[in-house]
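One letter stands for each residue in the lines below.
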Amino acid sequence: MRNLTRVGALSAVAAASATVFCVPATAHATPPGDNGTVKIHDAGTGEELRKNEPHVCEFYLDAFGFDNGQQVDWHIEAWAPTAAVKGETVKSGAITLDGEGHGRTQDMTLPDGHYKLFWNFEGEHGSAKHKVFWTDCEDKEEGGGTSASPSASASPGDSATEPTASPSTSSEAAASSSPSAQGSEGDLAETGNGAPVGLLSAAAATMLAAGGYLVLRRRKA
C-alpha cells in the first residue's frame, strides 16, 4: 500500500509540473500587436521601398510588417502652421493588409500645406502610429515645363503681326516713293519749259544780225 501511495504521489507531482510548464508556453505565443510601420510615399515611389517621404504632391500610404490580414483605419488631419483649423480631418479611410502585413492605399492629393497621418489598428500599443508631412504641388507645376507654352503661344502672335506689318511698310514705301516720282516729273516739266527760251534767244540774235545789216546798208547809201 505504501508503494502504491508513493507512485500516486509521484504521478500527481509529474502532472502538476507538466501543467506548469505548458501554460507559459501558450502564454508566450506572439499575439497580434504593434509591430509594423507606415510610410508616406510619393505616387512615383515603388511600394517595396521602405522610406518615408515627408514632401510630396500626389501620394499614398504604404504599410509594412503588420500582422496577417490586419484591419487598419486611418485619417489625415490639417496641421499647423498652415491649417485653418488644426486637427480638422481632411481625408480618412480603411484598409485590410495582406498575408505579409503589407498594404497601400490609392493615390491621393491634398491642397498645399502641412498634415498629420493617424494610423489606427487592433493591438496598437498606446496611441496610433503617425506621420507628419507636407504637400507642395505648386513648385512641381511651375517646374513642369509650363514655360514652353508661352513661347508656343507667342509664335502665332509673331507670325500674325508680320503680315500686318508688311502692308504698312509697303504703303509707307509707296507713299514715300510717289512724291519723289512727282518731283522728278516736275523737274522734267521745268526743263521742257526751258526749250522756248532758247528759241527766243536764237530769234533775238537773228533780229540783231538783221538790224546790223540794215545799218551797214544805210551807211553805204
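All values derive from a computational prediction rather than experimental measurement.

In this section: unusual backbone geometry. Along the chain, Ala80 connects to Pro81 via a cis peptide bond; the corresponding omega equals 10°. Within the secondary structure layout, Pro81 lies in the loop between β4 (71-78) and β5 (89-96).

In space, the three strands of this open sheet follow the order β1-β3-β6, with antiparallel pairing throughout. Each end of this open sheet is capped by a strand with a single partner; those strands are β1 (37-42) and β6 (103-104). As paired strands, β1 and strand β3 (residues 59-64) are joined by six bridges and run antiparallel to one another. Among the inter-strand pairings, Lys39 is bridged to a residue of β3, identified as Asp62.

What follows covers the confidence of the model for the protein chain. Looking at the protein chain as a whole, the pLDDT averages 72, with 53% of positions reaching at least 70. Scored below 50 in pLDDT, residues 145-195 makes one contact in the model with residues more than four places away or belonging to other chains.

Attention shifts here to the state of the cysteines. All told, the structure shown has one disulfide when counted by the stated rule. The side chain of Cys57 participates in a disulfide bridge whose partner is Cys137; the two sulfur atoms lie 2.0 Å from each other. Of note, the bridge from Cys57 to Cys137 carries an S-S torsion of about 110° and is right-handed in sense. Of the two residues, Cys57 is situated in the loop between β2 (55-56) and β3 and Cys137 in the loop between β8 (129-135) and α2 (138-142); the sequence distance between them amounts to 80 residues. The exposure class assigned to Cys57 is buried, which follows from its relative accessible area of 16%.

Take the nonpolar core next. Core analysis: the largest hydrophobic core is formed by 20 residues, its most contacted members being Phe59, Leu61, Trp74, Ile76, Leu117, Trp119 and Phe133. Contributions of two or more residues to this core are made by β1, β3, β4 and β7 (113-121). When sequence neighbours within four positions are dropped, the list of residues in contact with Leu61 reads Lys39, Ile40, Trp74, Gly103, Arg104, Thr105, Met108, Leu117 and Trp119.

This part covers the environment of Ala94. Assignment of secondary structure puts Ala94 in strand β5. You can call Ala94 exposed: its relative accessible area is 59%. Along the backbone, Ala94 and Trp74 are 20 residues apart, and their C-alpha atoms lie at a distance of 6.0 Å. When residues no more than four places from it in sequence are discounted, the contact partners of Ala94 are Val72, Asp73 and Trp74.

Quick look at the sheet that holds β5 now. Strand pairing within a sheet occurs via backbone hydrogen bonds; the two strands may be parallel or antiparallel. With respect to topology, five strands assemble into an open sheet ordered β2-β8-β7-β4-β5, the strand pairing being mixed. Here the strands that pair on one side only, and so sit at the sheet edges, are β2 and β5. Both β4 and β5 contribute to a ladder of seven bridges, which runs antiparallel. When the bridges of β5 are listed, Trp74 appears paired with Gly93.

The tally for this structure, following the rule as stated, stands at five aromatic pairs. Ring geometry for Phe59 and Phe133: centres 5.2 Å apart, planes at 55°, overall tilted. Here Phe133 lies in strand β8 and Phe59 lies in strand β3, a separation of 74 residues in the sequence. Taken individually, Phe59 and Phe133 each receive the classification buried, so the pair is uniform in this respect. Here a set of aromatic residues connected by ring pairs shows up, and it is made of Phe59, Tyr115 and Phe133.

The full count for this structure, using the stated rule, is three salt bridges. The partner of Glu47 in a salt bridge is Arg104, and the shortest N-O contact between them spans 3.7 Å. Residue Glu47 is located in the loop between β1 and β2, and its partner Arg104 is located in strand β6; the two are separated by 57 residues in the primary sequence. Owing to a relative accessible area of 32%, Glu47 belongs among the partly exposed residues under this scheme. On the basis of relative accessibility, which here comes to 28%, the residue Arg104 falls in the partly exposed class.

All right, on to the side chain of His41 then. Tracing the chain through its elements places His41 in strand β1. At a separation of 2.9 Å, a polar atom in the side chain of His41 contacts the main-chain carbonyl oxygen of Leu49. A polar side-chain atom of His41 sits 2.6 Å from the main-chain carbonyl oxygen of Lys51. Those residues in contact with His41 that sit more than four places away from it in its chain are Gly46, Glu47, Leu49, Lys51, Glu53, Val56, Glu58, Phe59, Tyr60, Asp62 and Phe64.

Definitions and cut-offs
Residues take numbers from 1 onward in each chain, read along the sequence in its written order. The predicted origin of the model limits local features to residues at a pLDDT of at least 70 and limits the giving and counting of side-chain atom pairs to 80 or more, whereas totals for whole chains, interfaces and linings rest on all residues. For side-chain calculations, the full set of non-hydrogen atoms in the structure is used, while hydrogens and water are omitted. Put simply, DSSP marks the helices as runs of H or I at least four residues long and the strands as runs of E at least two long, and each gets a number from the N terminus on. Should DSSP find at least two bridges between two strands, the strands are regarded as paired. As a per-residue measure, pLDDT tells how confident the predictor is, with possible values from 0 to 100. Here, residues are in contact when the closest pair of their heavy atoms is within 4.5 Å. Disulfide assignment relies on a single distance test, namely cysteine sulfur atoms paired within 2.5 Å. Each residue is assigned to one of three classes by its accessible area relative to the maximum for its type, calculated with a 1.4 Å probe on protein chains only: buried under 20%, partly exposed between the two thresholds, exposed over 50%. For this analysis, a nonpolar core means a set of buried residues of the types Ala, Val, Leu, Ile, Met, Phe, Trp, Tyr and Cys, connected via side-chain atoms within 4.5 Å. Any two rings among Phe, Tyr and Trp, with Trp reduced to its six-membered ring, count as a pair given centres within 6.5 Å; such a pair is stacked if its planes are under 30 degrees apart, edge-to-face if over 60, and tilted if neither. Criterion for a salt bridge: a side-chain nitrogen of Lys or Arg within 4 Å of a carboxyl oxygen of Asp or Glu. Within 3.5 Å is the distance limit for a polar contact, defined as a pair of N or O atoms, with the added protein rule that one can donate a hydrogen and the other accept it, and that residues adjacent in sequence qualify only through two side-chain atoms.

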